Amino acid sequence: MAFLFNHTSFRYLCIISFYFLASFLTINSLSTVSISETSNRTLICALQGQSYPRAHFLNCTSFPSSSIQIPLNPNTRFSEIVGGNGFLCALTPKSSSSESVMVCWRFNEVASNVTYKRIYHGPLIKNLDSSYSHLCGLERVTNRLKCWQWPRFNQRMDLRFSSIAVGEDFVCGILEWGNIACMTRNGSVIGNEPKGNYTVIGAASRYACAISVDGRLDCWGNMSGQIPQEKFSSLALGENRSCALGLDRRVICWGWGAENNFSMPQSLQGTKFLAIEAKKRVFCGILYDDYSLQCWGSEIINPNHTVFDNVLPGPCRNQDQCPCEAIPGSARFCDQGVICKPCDNDTLTGPAPCQNENNGWSKKMVVFVVVGCVGSICWLLIVAFLLYQYCKDRVCRVHNSGRLDETADAANLPEVPQAQPVPAVLEKRLSHIISMGNGGGHLEEFPLKLLQQVTNNFSDEHKIGTGSFGSVYHATLEDGKEIAIKRAEISSTSQSYAILGGTNRQEDKDSAFVNELESLSRLNHKNLVRLLGFFEDSSERILVYEYMNNGSLIDHLHNDKLPNHDSPLMSWIGRIKVALDAARGIQYLHEYATPPIIHRDIKSSNILLDAKFTAKVSDFGLSQMGSEDKESHLSLHAVGTFGYMDPEYYRLQYLTTKSDIYSFGVVLLELLTGNKAIHKNEKGVPRNLVDFMVPYIVHAEIHRVLDPRIPPPTPYEIEAVAYVGYLAGDCVRLEGRERPTMSIIVNNLEKALAACVAQPVVLSRSTTDSSAY
């Protein structure tokens, strides 16, 4: 085996090991020092540690002295802080450790009025960074970019970063595999990113710099002059001036243009630092020896003055997560764990540390190689698992929202396999469901002969539609009771499905049948279609429901063959009432069913109307049992209906109740406009209803696109209709956590309906706003 560890092979192993080690360090970095400025005042804040009780807290000081007073709660613990032009923002995890909350303090030139506001409450955020005006962070689970104080920011939703740096009008980040990508409008930065693998990135107002895996510094953007050729481990970039931390822990500073003579103050040259931070003209660093904070660069700050003692140089971690070793005594700052010590220069210089004068193995070389190899093996296992899952589950099924001329011809769809015997697992689920009854009642097991008799052997003359797993028939029993019968068609190639990547498998239909039976067998609500019974054997899957006399909502909105001017759906009051009925049904699924149920296919064709035009939600073939934990999600292949499907669910494969909220928002837009979720514009080109409607909602011009078949709203109605428009806009926000809950939706629709039928309450845009902004 000796030939495997020759000189060249060992160098490659060290490079791979370094990459995984550097990635680990970069992904978990924290900001514990912030610098905020106005034209004549500077606020410096830091997370300080204390020994007893073990804890850390936020402390701030201003220059000139006492010119800015930030009100702080000493009992609040923060994990990251950033600052900018007149603001300080701090991030804290909630007690559940699954969420983050970010608050900001703002002050003006005279600092006479410091305001406090919460600007974020959602999934955990890491790697917070800010420019002079903006701030961004990464979601811990998804590595997605999230920015605040940046209304027109245009981010790339497909990028996943391990770390980021925020400039004045751009964001640059290190992608998960070490490359750099930048986004938004700065032409001198965007498109000029260096190529290679990088572990550290920093940004100033108009330029950015990054440190490669071997410690090399590269800069790009609106800057000129020479950058040092030394090797570095971290950066602090200011206004026409920069500093970098060398591998020997000493800081080197340089400038260009008017700041060409900028350098490290004489009193701090040769001092070792753990970390450095900058904003415009002010630089600060945490000393290696005693964790005190020193600052320089501005004439109002004395570089010989210690700003704070005991500043946290990094996050608290479990000791086994430290790639080198823990900072001695750092446990006194942490409720749990320690703070990892930055690796020395012989661990950070790439392949070179893997060699010593005797060409032997040092202790750090062993640690270095072990960490890298473990990371490499984990990465390979993850890739292998993902490939396995992809090959195993290649079939991804998505319904369409109605036939367009561009849809595939049924003759071109693949043939579906013939029926197979019911699997044992399916039999077990069926027997368990049947024993449960219907909401505490009784599910009738209908004889197949009876169902064939009342539908004339399932003839087309009785067929009234298509559901998630088969055709729906109308029938009348001998006692005069009308029923709807949904029958799985074993060899169907129905065009109600769009097939992606494979055939419409029989197990999909079995699953849809069981899902619907399992969901409806334990539900009983006036706004959910009631399941009466079933029939099943090795070749038949049949469900029997109450009959809904007035068909589906899609018929009344989009079927020109049903011009019923007397229909309640031809009034704004009627449409808001239907929306409220459906919302109450979905609210029951999300908030009162145990466990909760996520429908996954909310659309106008699945909202049915009874003889009194009461709306009821139907078709639970794609539904999933949710978690009792309302903050959790299910990782599932995206299924749903084109035009209604939640884009966040489709992109991330994370299913939550907020996916149903998005779909319901599309239904609200249909009710307001009379257009399909995917419809054709004036030129005959397919158009997405959300993309078309949201600009009108944002600019308060929804009256321009209301359904022309309905008389214009009365003065009472127009306020309610606009209110529903704002609510729909909230429902179709791109990020699920910004959408309202069904309780909020029901409450707002009740207000809108009340405003239509009586002296209206005062409705405002803010009352529908569900976000934490």
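Going by the structure above, here's the rest.
Keep in mind the model is a prediction, meaning the values are calculated, not measured.

### Quick look at the overall build of the protein
- Counting its secondary structure elements, the protein contains 13 helices and 42 strands.
- Residues classed as buried in the protein amount to 54% of the 773 residues present.
- A separation threshold of at least 6 residues defines the contact pool for the protein, and within that pool the share at least 24 residues apart is 58%.
- With an accessible surface of roughly 34600 Å², the protein has 52% of that area assigned to carbon and sulfur atoms.

### Observations regarding the sheet that holds strand E28 (residues 444–445)
- Pairing in this open sheet of six strands is mixed, and the strands run E28-E33-E34-E31-E30-E29 from one edge to the other. Looking at the sheet topology across the chains shown, the edges are occupied by E28 and strand E29 (463–466).
- For E28 and strand E33 (residues 531–536), the ladder comprises two bridges, and the chain directions are parallel. Across the sheet, the residue bridging to Glu444 is Gly533, located in E33.

### Let's talk about the state of the cysteines
- Following the criterion strictly, the structure yields seven disulfides and no others.
- Between the sulfur atoms of Cys89 and its disulfide partner Cys104 the distance amounts to 1.9 Å. Judged by the sign of its S-S torsion, about 105°, the cystine formed by Cys89 and Cys104 is right-handed. Linking Cys89 in strand E5 (residues 87–93) with Cys104 in strand E6 (residues 99–106), this pair joins segments that are 15 residues apart in sequence.
- Between the sulfur atoms of Cys172 and its disulfide partner Cys182 the distance amounts to 1.9 Å. Sign of the S-S torsion, about 105° for the bond between Cys172 and Cys182, identifies this disulfide as right-handed. Of this pair, Cys172 sits in strand E12 (residues 170–175) while Cys182 sits in strand E13 (residues 180–184); the two residues are ten residues apart in sequence, bridging distant segments of the chain.
- Look at Cys172 and you get buried, because its relative accessible area is 0%.
- By relative accessible area, which is 9% here, Cys182 ends up buried.

### A word on the packing of aromatic side chains
- Under the criterion given, the structure shown has nine aromatic pairs.
- Taken together through their ring pairs, the aromatic side chains of Phe262, Phe273, Phe283 and Trp296 make up a single cluster.
- Geometry around Tyr288 places Lys272 over its ring, the cationic atom sitting 5.9 Å from the centre.
- Sitting over the face of the ring of Tyr132, Lys280 holds its NZ or CZ atom 4.2 Å from the ring centroid.

### Overview of empty space enclosed by the protein
- Throughout the structure, instances matching the rule amount to seven cavities of 30 Å³ or more.
- Taken as a whole, the second largest cavity encloses approximately 80 Å³ of empty space.
- As for the second largest cavity, its lining consists of 14 residues, and the residues nearest its centre are Arg600, Tyr644, Met645, Asp646 and Ser663.
- In terms of residue count, the dominant contributor to the lining of the second largest cavity is helix H10 (residues 657–673) (three residues).

### Section: H10
- If you check H10, its first and last C-alpha atoms are 25 Å apart, about what 17 residues at 1.5 Å a residue would give, namely 24 Å.
- In terms of residue burial, H10 counts as a mostly covered element, since 16 of its 17 residues are buried.
- Immediately downstream of H10, the backbone of Gly674 shows phi near 75°, a positive value.

### Some points on the nonpolar core
- Core analysis: the biggest nonpolar cluster contains 61 residues, and Leu523, Leu553, Phe664, Leu668, Leu671, Ile745 and Leu749 have the highest contact counts within it.
- With ten residues, the single largest contributor to this core is helix H8 (residues 572–592).
- Counting residues in each nonpolar core, the second largest holds 21 residues, with Phe63, Tyr291, Ile301 and Leu312 among its members.

### Some words on unusual backbone geometry
- Following Phe63, the chain continues to Pro64 via a peptide bond in cis, the omega torsion being -5°.
- Look at Arg249: it is not a glycine, yet its phi comes out positive at around 75°.
- Look at Arg249 and you get buried, because its relative accessible area is 8%.
- In this structure, Asn456 is a non-glycine residue whose phi angle is positive, near 55°.

Each value, and the rule that gives it
Residues numbered from 1 in each chain as written. Predicted model: local features only at pLDDT ≥ 70, side-chain atom pairs only at ≥ 80, totals over all residues. Heavy atoms only, no water. Helix = DSSP H or I, 4+ residues; strand = E, 2+ residues; numbered from the N terminus. Buried < 20%, exposed > 50% of the residue type's maximum accessible area, 1.4 Å probe, protein only. Contact = heavy atoms within 4.5 Å. Areas by Shrake-Rupley, 256 points an atom, 1.4 Å probe, with all protein chains shown as cover. Pairing = 2+ DSSP bridges. Disulfide = S-S within 2.5 Å. Phe/Tyr/Trp six-rings, centres within 6.5 Å; stacked < 30°, edge-to-face > 60°. Lys NZ or Arg CZ within 6 Å of the ring centre and 35° of its normal. 1 Å grid on protein atoms, 1.4 Å probe; cavity = no way out; pocket = protein on both sides within 12 Å on 5 of 7 lines; lining within 4 Å. Points joined across faces, edges and corners; volume = space filled by probe spheres on them. Expected span 1.5 Å × (residues − 1). Core = buried A, V, L, I, M, F, W, Y, C linked by side-chain atoms within 4.5 Å.

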